[in-house]
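Residues per chain are reported as follows:
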Amino acid sequence: MEETLRWLSPVVNLPFRYTSEPVELAGTAIAAGEALLMCHAAAGRDPEQHGPDVHLFDATRTQRPHLAFGQGPHFCLGASLARLEGTLALERLFTRFPGLTLREANPQPLSSLISGGFTTLHATTANGPATA
């Protein structure tokens, strides 16, 4: 579950936050009052945190903290429930459709500034296309 959340965060970007004072970020000066778009998804793709193969989905990866549910006072209250629902749904999916495989190598991502996911995700079972 954690690799799924790291690799494709359900929240890609957060709405704008504004600087309260001048700051410097990675050598770039940002004036007070400037709008910043926080990209949670980029944190899940940081090679310094998750290794040089960060672009690959690896369910066996040793997990490090990610920002899929936020952090600190903005941490998602429903994170535990979402993890449980996701785990149960995946267990039941793979139990019902053993040998389930993706039919497409590069599914079309949602065209959303906020949400992560795919428009469709076609799969095949041992008996042909999956229908649930």
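Structural data are supplied above this passage.
Residues numbered from 1 in each chain as written. Predicted model: local features only at pLDDT ≥ 70, side-chain atom pairs only at ≥ 80, totals over all residues. Heavy atoms only, no water.

Caption draft 1: Here's a closer look at the pattern of salt bridges. The full count for this structure, using the stated rule, is four salt bridges. As a salt-bridge pair, Glu-2 and Arg-83 come within 2.6 Å of each other at their nearest N and O atoms. Of this pair, Glu-2 sits in helix H1 (residues 2-7) while Arg-83 sits in helix H4 (residues 79-96), and the two are 81 residues apart along the sequence. Its relative accessible area of 26% is what places Arg-83 among the partly exposed residues. When the shortest N-O distance is used, the salt bridge between Arg-61 and Asp-53 registers 2.9 Å. Three or more residues are tied together by salt bridges with common partners; here these are Glu-3, Arg-6, Asp-53 and Arg-61. (Salt bridge = Lys/Arg side-chain N within 4 Å of Asp/Glu carboxyl O. Helix = DSSP H or I, 4+ residues; strand = E, 2+ residues; numbered from the N terminus. Buried < 20%, exposed > 50% of the residue type's maximum accessible area, 1.4 Å probe, protein only.)

Caption draft 2: Local environment of the side chain of Asn-13. Here Asn-13 shows up in strand E1 (residues 13-18). At 2.8 Å, the side chain of Asn-13 and the backbone oxygen of Leu-113 are in polar contact. Sequence-distant contacts of Asn-13, that is, excluding residues within four places in its chain, are made with Leu-37, Met-38, Cys-39, Leu-113 and Ile-114. (Polar contact = N/O pair within 3.5 Å; in protein donor to acceptor, adjacent residues only side chain to side chain. Contact = heavy atoms within 4.5 Å.)

Caption draft 3: Fine view of the packing of aromatic side chains. Scanning all chains against the criterion turns up two aromatic pairs. Centroid distance Trp-7 to Phe-57: 5.9 Å. Interplanar angle 85°. Geometry classified as edge-to-face. Here Phe-57 lies in the loop between helix H3 (47-50) and H4 and Trp-7 lies in helix H1, a separation of 50 residues in the sequence. With a centroid separation of 6.5 Å and 75° between ring planes, the pair formed by Phe-69 and Phe-75 is classed as edge-to-face. A residue is classified by how much of its surface remains accessible, and Phe-69, at 11% relative accessible area, is buried. (Phe/Tyr/Trp six-rings, centres within 6.5 Å; stacked < 30°, edge-to-face > 60°.)

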